[in-house]
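# Notes for the structure review
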Amino acid sequence: MRKRLTIALLLGLIWFMPSTNIISQGLNAQRRTQEIVAFFNKSKHVIKEKRGVRMEKFKEIRSEPVIRKDAASYSGTYETDMGYTLRLRVGTDGSVEGNGMEPAATRESLKYTLRNAKLEGALLTGTKVYEDGTNEKFEGVFINRTDRDSPTDTGVTTFGLGVLYDPPKMNPELGFSITRLFYQQKP
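Figured I'd write up the structure that's included with this text. (Residues numbered from 1 in each chain as written. Predicted model: local features only at pLDDT ≥ 70, side-chain atom pairs only at ≥ 80, totals over all residues. Heavy atoms only, no water.)

Next up on the list: the layout of surface pockets. Roughly 450 Å³ of internal volume is contained in the largest pocket. Lining of the largest pocket is provided by 17 residues; of these, Phe 40, Asp 81, Arg 145, Leu 181 and Phe 182 occupy positions nearest its centre. With six residues, the single largest contributor to the lining of the largest pocket is strand 10 (residues 176–185). (1 Å grid on protein atoms, 1.4 Å probe; cavity = no way out; pocket = protein on both sides within 12 Å on 5 of 7 lines; lining within 4 Å. Points joined across faces, edges and corners; volume = space filled by probe spheres on them. Helix = DSSP H or I, 4+ residues; strand = E, 2+ residues; numbered from the N terminus.)

Given below as structure tokens:
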């Protein structure tokens, strides 16, 4: 009797393991999506009074992931205000191809291809492979980013791709490091 029960339990575990693994991967993608989105949120509200003059500064940036039913609608060109460009082609099945350019101070822009890219909900992951053969991890989330300049402001919402660099991307030519970039989708 014990043998039959043990065998039945083992078969049951084997039967349910693949679905458990799929559920686990989905939860990991959701968790990572929320972690990345948190890097693109900012809130600052400062009030100073000096000699009867009141100075108030307010800035709020709220981001939320965008999950579209039609994955192909993520396709397009995305650009930052610092000259970084990314072109994505997303299939209806979620397959992703892409390439882009990054500015360089003393030479031509660095060109790369996005390899092994996949889309899970709003999370885009892959590997950036540069023309010289070097590569780095790529992680980003499609987000709606809303900027507000006052507490009563309804804000301006922009759709794009929030990319997180972990570890930060060092650029000795330009003299700074980058932890995150917001790529706005171009019409």
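Right, picking up where we left off after that structure.
The next point concerns the side chain of Ser 63. Note that Ser 63 resides in strand 2 (residues 53–65). Among the polar contacts listed, one links the side chain of Ser 63 to the backbone oxygen of Phe 40, at a separation of 3.1 Å. Those residues in contact with Ser 63, other than ones at most four positions away along the chain, are Val 37, Phe 40, Asn 41, Ile 143, Asn 144 and Arg 145. (Polar contact = N/O pair within 3.5 Å; in protein donor to acceptor, adjacent residues only side chain to side chain. Contact = heavy atoms within 4.5 Å.)

What follows deals with the nonpolar core. One finds Tyr 78, Leu 88, Leu 124, Phe 142, Leu 161 and Tyr 183 to be the most contacted residues of the largest nonpolar core, which totals 24 residues. For this core, the elements supplying multiple residues, two or more each, are strand 4 (85–90), strand 6 (110–120), strand 7 (123–130), strand 8 (135–148), strand 9 (156–171) and strand 10. Filtering out sequence-adjacent residues up to four positions away, Leu 124 remains in contact with Leu 88, Val 96, Ala 117, Lys 118, Leu 119, Phe 138, Glu 139, Gly 140, Phe 142 and Leu 161. Among the nonpolar cores identified, the runner-up in size contains ten residues, and Ala 29, Val 37, Phe 40 and Ile 143 belong to it. (Core = buried A, V, L, I, M, F, W, Y, C linked by side-chain atoms within 4.5 Å. Buried < 20%, exposed > 50% of the residue type's maximum accessible area, 1.4 Å probe, protein only.)

One pair of aromatic rings is described through two measures. These are the centre distance and the angle between the planes. Evaluated as defined, the whole model comprises six aromatic pairs. Their ring planes at 20° and their centres at 4.0 Å tell us that Tyr 74 and Phe 142 sit as a pair that is stacked. Separated by 68 residues along the polypeptide, Tyr 74 in the loop between strand 2 and strand 3 (76–79) and Phe 142 in strand 8 bring together distant segments of the chain. A relative accessible area of 1% means that Tyr 74 is categorised as buried. Among the aromatic residues, those joined into a ring-pair cluster are Tyr 74, Tyr 78, Phe 142 and Phe 159. In this structure, Arg 68 is placed above the aromatic ring of Phe 159, and the distance from its NZ or CZ to the ring centre is 4.1 Å. Over the face of the ring belonging to Tyr 112 we find Lys 128, whose NZ or CZ atom lies 4.6 Å from the ring centre. (Phe/Tyr/Trp six-rings, centres within 6.5 Å; stacked < 30°, edge-to-face > 60°. Lys NZ or Arg CZ within 6 Å of the ring centre and 35° of its normal.)

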